[in-house]
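# An overview of the molecular structure
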Amino acid sequence: VQTTGTTSDYDFHVAPRRQYVINLDGAVEITVGSGEKRVMGVGEMFLAEDTTGQGHISRAVNGQVRHSLFITLD
């Protein structure tokens, strides 16, 4: 289990390992290779498992700092 805080935007990248990501505050916009976008808000959880291929884009929403909890599965 790891927590991190960021306001950074990341172009296409893969998840370093299969992990659940839980937003503790702030929000993040995730864009996948198909172009589909989704905003994850406070308390939302998602499974990041795109460890190969094109990956995804992560963007801060309104430049807010977001803190996330990462629970690794591998």
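Everything in this summary refers to the structure shown in the same document. Predicted model, so just to flag it, every value in this text is computed and none were measured. Positions within a chain are numbered from 1, following the residues in the order the chain's sequence is written. In keeping with the model being predicted, local features are shown solely for residues with a pLDDT of at least 70 and side-chain atom pairs are shown and tallied solely at 80 or more, while totals for entire chains, interfaces and linings include all residues. Processing note: side-chain calculations cover all non-hydrogen atoms of the structure and skip hydrogens and water entirely.

### Structural notes on the overall build of the protein chain
Helix and strand assignments come from DSSP, with helices taken as H or I runs of at least 4 residues and strands as E runs of at least 2, each series counted from the N terminus. Secondary structure assignment for the protein chain yields 0 helices and 8 strands. Put simply, the protein chain runs from its N terminus to its C terminus through helices and strands in the order β-β-β-β-β-β-β-β. Expected size for 74 residues packed as a compact globule is a radius of gyration near 11 Å; at 11 Å, the protein chain falls within 12% of this value. Summarising its shape, the C-alpha atoms of the protein chain cover approximately 30 × 25 × 15 Å along the three principal directions. Radius of gyration means the value over C-alpha atoms here, while the globule rule gives 2.2 Å times the residue count to the 0.38 power.

### Remarks on the sheet that holds strand S5 (residues 37-40)
With antiparallel pairing, the 4 strands of this open sheet are ordered in space as S2-S7-S4-S5. Of all the strands in the sheet, just strand S2 (10-13) and S5 have a single pairing partner and so form its edges. When strand polarity is set aside, the average angle formed by the axes of neighbouring strands in this sheet is 20 degrees. Between any two strands, pairing holds if DSSP finds at least two bridges. Throughout, an axis means a line fitted to C-alpha atoms (over the contacting stretch in the case of helices), and angles, computed between N-to-C directions, take values from 0 to 180 degrees.

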